[in-house]
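# Examining the three-dimensional arrangement
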Amino acid sequence: MTRLHVQLAAVAAVVCLALAPLVLSPFSITLMNYIGIYSLVAIGLALLTGVGGIVSFGQAAFVGVAAYATAWVSALNGYSPWLGLVFGVALTCCVAGILGVVTLRLQGHFLSLSTVAWGLAIGFLFGNVDGLGRFNGISSIPPISVGSFALVSSVHIYFLIWGIVAVVLFLGYNLLDSRLGRAMRALRGGNILVESLGINAFRIKLVTFVIAAFLASLSGWLYAHMSRFISPGPFDAGMGIEYLMMSMVGGAGSLLGGVVGAAIVTLLKNSVQDYLPLIAKGASGQLEIVAFSALFILFLQWARQGIVPFVARYLPKIKRERPPAAPPLPRRPQPTPGELLLKVDGAERRFGGLVAVNNVSFEVRSGEILAVIGPNGAGKSTMFNCLTGALRVNKGEIVFAGRPITRDPQSRIAKAGVARTFQHVKLRPRMSLLENVMLGTYARTRAGLFAGAFRLNRREEASIRHEALMQLERVGLGDKPFELAGNLPLGNQRILEIARALAADPALLVLDEPAAGLRRQEKLRLAELLRSLRSDHLTILIVEHDMEFVMSLVDRIVVLDFGSKLCEGAPAAIRSDERVQEAYLGGVA
Amino acid sequence: MTSDIAAILAIDGIATGAVYALVAIGTVLIFTVTRVIFIPFGDIAAFTALTLAALDAKRFPGTGALVVILACLATLIEIISLVRTGELRLLPRALFFYLVLPLAVVGIAWLTMRADPPLAVRLVLALMLITPIAPLLDRIVFRPIADGTVLLLLTVSVALHFALVGLGLLFFGPEGVRTEPLTSFSTEFAGVLISGQTMLIVIAALVFSGLLYLFFDFTLVGKSLRATAVNRTGSRLMGIRPARAGTIAYLLGSLMAGVSGILIAPVNTVFYDSGFLIGLKAFVGAIVGGMTSYPGAAIGAVGVGILESFASFQSSALKDVIVFSLLIPILIWRSLASLHSEEEIEE
């Protein structure tokens, strides 16, 4: 299967959708309309929950904000529904923006609980505010008109709804395949990873959150003008979880899964309503939600992945062309060899009463490989985290390229030219090698939301692809750029992380225990790669445990023990130093 | 607002808060032992009230049928999993715990019902009927995904709540109930009338929290539960089975929820779906305690009760909006408080 086949399939799907009203009954059309309207919310959730890892129970509230906003504008104040669209979308995005700014820094389940909280609070608001019809709702909402033509019948609004869904899918897939989209897809890897790539994780989360709310607001607008009546019911907490269910059933993380999930849930609900009365007379309403929740629970127990990813496994893989050569990305001015690049002065870091790093000072000069070594618990990892901004020092100063970075957040340190790798490899296993390396170029490139969605970024994308391929080739992984990163053995995953770091065009490369867990052959290969990078005048700082690996590779060594600097010098001098031998071996035998 | 009104509102709030506190403590208990944020505890509380009302009206409550169905389901699942792992020798044990015991409880309740028992016995019957539900649900719903993320468990928990609401309507019907007050005693304190029911609620909350404290600090089972909460793997190495600890936690938790249901039934009209708000407000209280501290959860829950009481005086329609909006600043505070440790874990 090639790209062309995928495009043909998409065109065929659009044609089928456009011709569907010719064969479908009016009832089926109405059902399709609901599916389309729910799809929009589910697509937003696929982005937010599936891609970004932010589980939201509150999307129904956003649908409600837009629906009530447009009903207020059009039914209660007599303006055009199009003004209602503008007002509804603007209001929803504002509400989402404020909620996002307040809550998106929350961790893990705290964040999801906050969505329950504001989902409920907004849901209660609809039924309790004067002027919004309280629990009776708002009726006689006008239909949407195009020119003088009112979209009254369900067939007419069908084209509007599915037109919007098709455009949203198109833009959504474009976005996911862009610089910003890749950053979104990295969110699940955790804040530390995302920030280490020079990406402001909070900003990306906020953008994703507002996009999801924007899609919910489109859905609310269509809903209000299709059903011509709204009440608080369809926007309550129960509906919030139903939306979540749609996106999870379809396959969280897949935009198409949102549409599939919305279709399955809606059709299932419809058939449950048809058949349950046959089984249990008079109790169908109650059983509906029971059957529904039970199905959802079964689904979560047995098939968390969702339908679209499951089916996609059996489809032929899309064949991709190797990215062609393109103009290179701009490079940062590199420091002259031998110049002072990094200076750590009297760094101290405490955890409560424990002093993990105690008054440590050292320097890194451009073009050298420096190793920080020490036995277990010497404070190596803490030192490393302070250098990269994952932790802050309590005392002392860190200067990089003449600028103090002591108080800088991780992403700013990364942007300044410090690229890192992780002791416990942090790759995105479901992204290809090429895409993982492309993530590294984030801080060097510019394309934003609209450029990504409308494909105005093609030239930059070509350069990014080319750059990523070059870095893959540089580290010796250029033969299979479209392999998934999760399929690589550990040794190659480490090397892939180095390629990702190189793609950031760093002035300083910091490696956190790169040899840990590697087999001998893999270690030799890694050492060879690092030597070749030094010959390209790249400065490298290694925090390492493995003496043998370090001794044959580096120019200078700093030894830490119990948080303090023990000594510093060339490998041969360190090897014969009695204090080092004592620290490692517990006294000379 | 005069000081008289403020005092009345405060007392009212403390009483409501004490009810939430019982549920909140149960929520914290379950969360620490199993990592499940068990939203349906509120439903358990509401079901207890409905069960008691049915017993008062000399009808056999729908809870019986619910327990029977859940017991059959749990037994079936347990048998399948035993067959799969080839541990058939455990079958009699499984049958006893998952089938015979719950059915016996229902049977005893049914037989006792015919003798037209006094109120005290009816209270015990209501609690007996309600306590098997959560452990059975644990077996059916949560045990197969016990290793899942907190988020997955939370999602399942929310779905389970909706299933229970539907079942509640099915088994108890749409009518709201309000049971007879447990006592008609009342007293005046500093010029404010305090009803016996209010005092009973506060006393019950204190007594049950105290008992729980004694259980955790002075019994081996209690200590094993705490150990499971601190470190599942570690306690497993010490011979504690997390699944069993989970069952005990669910039993205790539903007992607390049941008591709160009995206490609230004479004060508020309880419907089949009243549980959600009780559960969520208790949960807000539990979050104040960081989901780990029992006194913190109790104080938080009482705080929520007082806040709700004053909010409903200001604007009864918007009281829930106020309570849930307040959850967001609390969450931010808690998240900031736990930020440091989480980052360390990640590294």
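Worth saying up front: this structure is predicted, and the values here are computed from it rather than measured.

## A short note on the overall build of chain A
Helix and strand counts for chain A stand at 23 helices and 12 strands. Projected onto its principal axes, the C-alpha positions of chain A cover 90 × 55 × 50 Å. Burial statistics for chain A: of 589 residues in total, 51% are counted as buried.

## Describing helix α10 (residues 237-251) of chain A
Residue and element names in this part refer to chain A. The terminal C-alpha atoms of α10 lie 21 Å apart, and with 15 residues this matches the ideal 21 Å at 1.5 Å per residue to within 8%. Counting buried residues in α10 gives 14 out of 15 residues, a clear majority hidden from the surface. Note on α10: the residue one or two positions beyond its end, G253, has a positive phi of about 100°.

## A look at the nonpolar core
Of all hydrophobic cores here, the largest spans 301 residues; its most connected members are A24 and A49 of chain B. Broken down by element, the residue count for this core peaks at 17 residues, all from helix α9 (residues 201-227) of chain A. Each of domain 1 (26-312) and domain 2 (340-585) of chain A contributes no fewer than three residues to this core. Every residue in contact with A24 of chain B, bar those within four places of it in the chain, is listed here: A282, F283, G285, A286, A297, A298, G300 and A301 of chain B.

## Examining the environment of G296 of chain B
Tracing the backbone shows G296 of chain B in helix α13 (residues 294-314). Those residues in contact with G296 of chain B, other than ones at most four positions away along the chain, are V288, G289 and G290 of chain B.

## Concerning the packing of helix α5 (residues 119-130) of chain B against helix α11 (residues 242-264) of chain B
Residue and element names in this part refer to chain B. α11 packs onto α5 with a crossing angle of 140° between their chain directions and a minimal axis gap of 9 Å. Considering their axes alone, α5 and α11 lie oblique with respect to each other. For the pair α5 and α11, the crossing hand works out as right-handed. Judged by residue contacts, L123, A126, L127 and I130 of α5 engage S254, L255, G258 and I262 from α11.

## Considering the interface of chain B and chain A
Every contact between the two is made by 36 residues of chain B and, on the other side, 38 residues of chain A. Those elements giving two or more residues to the side of chain B that touches chain A turn out to be α7 (150-172) and α14 (319-346) of chain B. In terms of residue count, α7 of chain B provides more of the side of chain B that touches chain A than any other element does, 16 residues in total. Residue composition of the side of chain B that touches chain A, by class: 27 nonpolar, four polar and five charged.

## Quick notes on the UniProt feature "transmembrane region" (unreviewed entry) in chain A
Residue and element names in this part refer to chain A. Mapped onto this numbering, the UniProt entry annotates "transmembrane region" (unreviewed entry) at residues 6-24, 36-62, 82-103, 110-129, 149-176, 206-224, 244-268 and 289-312. End C-alpha to end C-alpha, residues 110-129 measures 28 Å, and it is 95% helix and 0% strand. Across residues 289-312 one finds 83% helix and 0% strand; the C-alpha atoms that close the span lie 30 Å apart.

The rules behind each value
- Residues numbered from 1 in each chain as written.
- Chains lettered and ligands numbered in written order.
- Predicted model: local features only at pLDDT ≥ 70, side-chain atom pairs only at ≥ 80, totals over all residues.
- Helix = DSSP H or I, 4+ residues; strand = E, 2+ residues; numbered from the N terminus.
- Buried ≥ 20, exposed ≤ 12 C-beta atoms within 10 Å, placed from the backbone.
- Expected span 1.5 Å × (residues − 1).
- Core = buried A, V, L, I, M, F, W, Y, C linked by C-beta atoms within 7 Å.
- Domains from an automatic or database assignment.
- Contact = placed C-beta atoms within 7 Å.
- Axes fitted to C-alpha atoms, helices over the stretch in contact; angles between N-to-C directions.
- Parallel < 35°, antiparallel > 145°, perpendicular 65-115°, else oblique.
- Left-handed = near helix turned anticlockwise from the far one by under 90°.
- Nonpolar A, V, L, I, M, F, W, Y, C, P; charged D, E, K, R; others polar.
- UniProt positions renumbered as here; feature names shortened; annotations may be inferred.

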